[in-house]
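Commentary on secondary and tertiary structure
Each chain, letter by letter, is given below.
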Amino acid sequence: DTAVSQTPKYLVTQMGNDKSIKCEQNLGHDTMYWYKQDSKKFLKIMFSYNNKELIINETVPNRFSPKSPDKAHLNLHINSLELGDSAVYFCASSLEYAINSPLHFGNGTRLTVT
Amino acid sequence: EDQVTQSPEALRLQEGESSSLNCSYTVSGLRGLFWYRQDPGKGPEFLFTLYSAGEEKEKERLKATLTKKESFLHITAPKPEDSATYLCAVQANSGGNTGKLIFGQGTTLQVKP
């Protein structure tokens, strides 16, 4: 009965490849996010969507492209993977993007680029 | 630039030994401050939201407080199951009404039996 689920949990790939991470939430939330956690555990926002509309697009390389086919899904596609892309990527959702809507996180996808 | 700094980076306690974690923030205008708990291999789990200086929230052995410059997470008589990384995050006016959170680097707490 997972609220925010991501697949895959682990992703090992070579430089230059293209990969996707999928995220689904069954909480009925309107807003979904992608966060990146580096090796020092800093969590940094990448994107946020509200009702399938892009709300936040931080300074992220164009190689990263989010896609939200519906409110419950937010996928992340990464082209031409680089070593520096290695990190844990977290999907999250909230009821809305107001201050009183805490984020619910998935369990992360650990991406390793070799 | 909005910034969140947590200290210490790591904390080891004996079971029952109370202590506090610190979260200092510099933001253009604070909309809210959040505390999350993260277990290894898991996503952060929401604990508290604080909105204004002087506010306090409690949950079991945890108590969060807020001033105009920092927040403390007080852990009273901790148990081994309290071992985790505790993350502080702020939502600032600079982020507009977008839900954007700025996180600190976390404090990893280990409680030994």
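Residues numbered from 1 in each chain as written. Chains lettered and ligands numbered in written order. Predicted model: local features only at pLDDT ≥ 70, side-chain atom pairs only at ≥ 80, totals over all residues. Heavy atoms only, no water.

**Considering the overall build of chain A**
Looking only at helices and strands, chain A features 0 helices and 11 strands. In chain A, the succession of helices and strands from N to C terminus is β-β-β-β-β-β-β-β-β-β-β. Taking 2.2 N^0.38 as the reference for a compact globule, 114 residues should give roughly 13 Å; the C-alpha atoms of chain A span a radius of gyration of 13 Å, in line with that estimate. Taken along its principal axes, the extent of the C-alpha atoms in chain A is 40 × 30 × 25 Å. For chain A, the residues scored as buried account for 45% of the 114 residues in total. Contacts in chain A between residues at least 24 apart in sequence constitute 54% of all its contacts with a sequence separation of at least 6. Working note: accessible area of chain A is about 5700 Å², and carbon and sulfur atoms make up 48% of it. (Helix = DSSP H or I, 4+ residues; strand = E, 2+ residues; numbered from the N terminus. Rg over C-alpha atoms; globule rule 2.2 N^0.38 Å. Buried < 20%, exposed > 50% of the residue type's maximum accessible area, 1.4 Å probe, protein only. Contact = heavy atoms within 4.5 Å. Areas by Shrake-Rupley, 256 points an atom, 1.4 Å probe, with all protein chains shown as cover.)

**Things to note about the nonpolar core**
Formed by 23 residues in total, the largest nonpolar core has its most connected members in Leu33, Trp35, Leu73 and Tyr86 of chain B. Elements with a contribution of two residues or more to this core: β2 (10-14), β3 (19-26), β4 (30-38), β5 (45-50), β7 (62-66), β8 (70-75), β9 (84-92) and β11 (107-112) of chain B. Per-element tally for this core: the top contributor is β9 of chain B, with 4 residues. By size, the runner-up hydrophobic cluster in this structure holds 20 residues, among which are Val4, Cys23, Met32 and Leu74 of chain A. (Core = buried A, V, L, I, M, F, W, Y, C linked by side-chain atoms within 4.5 Å.)

**What to know about the pairing of strand β7 (residues 64-70) of chain A**
Residues and elements named next belong to chain A. Here β7 runs beside strand β8 (residues 73-78); their pairing, made up of 5 bridges, is antiparallel. Across the sheet, the residue bridging to Lys67 is Asn75, located in β8. If you look at the hairpin formed by β7 and β8, you'll find 2 residues sitting between the two strands. (Pairing = 2+ DSSP bridges.)

**As for the environment of Pro40 of chain B**
Structurally, Pro40 of chain B is set in the loop between β4 and β5. Along the primary structure Pro40 of chain B and Thr85 of chain B are separated by 45 residues, whereas in three dimensions their C-alpha atoms are 8.1 Å apart.

**Here we look at the interface of chain B and chain A**
Opposite the 23 residues of chain B that make contact, chain A presents 23 residues. Its largest share of buried area at the contact with chain A, chain B owes to Thr98, Lys100 and Phe103 of chain B, together 25% of the area lost on that side. If you look at where chain B meets chain A, you find 1 salt bridge. The salt bridge partner of Glu58 of chain A is Lys100 of chain B, with a shortest N-O separation of 3.2 Å. The interface formed by chain B and chain A holds 7 residue pairs in polar contact (both at pLDDT 80 or more) in total. Those elements that provide at least two residues to the side of chain B that touches chain A are β4 and β9 of chain B. Tallied by class, the residues present in the side of chain B that touches chain A amount to 8 nonpolar, 12 polar and 3 charged. (Buried area = accessible area lost by both parts, 1.4 Å probe. Salt bridge = Lys/Arg side-chain N within 4 Å of Asp/Glu carboxyl O. Polar contact = N/O pair within 3.5 Å; in protein donor to acceptor, adjacent residues only side chain to side chain. Nonpolar A, V, L, I, M, F, W, Y, C, P; charged D, E, K, R; others polar.)

**Thoughts on the sheet that holds β8 of chain B**
Pairing between the strands of a sheet comes from backbone hydrogen bonds, and it takes one of two forms, parallel or antiparallel. Residue and element names in this part refer to chain B. Across the sheet, 5 strands lie side by side as β1-β3-β8-β7-β6; this open sheet has antiparallel pairing. The sheet is open, and its two borders are formed by β1 (3-7) and β6 (56-59), each paired with just one other strand. Taken over all neighbouring pairs, the strand axes of this sheet differ in orientation by 15 degrees on average, direction set aside. Relative to β8, β3 runs antiparallel, the two being bridged by 6 bridges. Its bridge partner being in β8, Ser19 is matched across the sheet by Ile75. (Axes fitted to C-alpha atoms, helices over the stretch in contact; angles between N-to-C directions.)

**Describing the sheet that holds strand β3 (residues 19-25) of chain A**
All names here are of chain A. Overall, antiparallel pairing links the 4 strands, which are arranged β1-β3-β8-β7 in an open sheet. The strands lining the two open edges of the sheet, one partner per strand, are β1 (4-7) and β7. For this sheet, the mean angle separating the axes of adjacent strands, direction not counted, is 20 degrees.

**A short note on the side chain of Asp85 of chain A**
All names here are of chain A. Along the chain, Asp85 falls in the loop between β8 and β9 (87-94). Judged by its relative accessible area of 4%, Asp85 falls in the buried class. At a separation of 2.8 Å, a polar atom in the side chain of Asp85 contacts the main-chain amide nitrogen of Glu82. Once residues lying within four places of it in the same chain are set aside, the contact partners of Asp85 are Lys36, Arg63, Phe64, Ile78, Leu111 and Val113.

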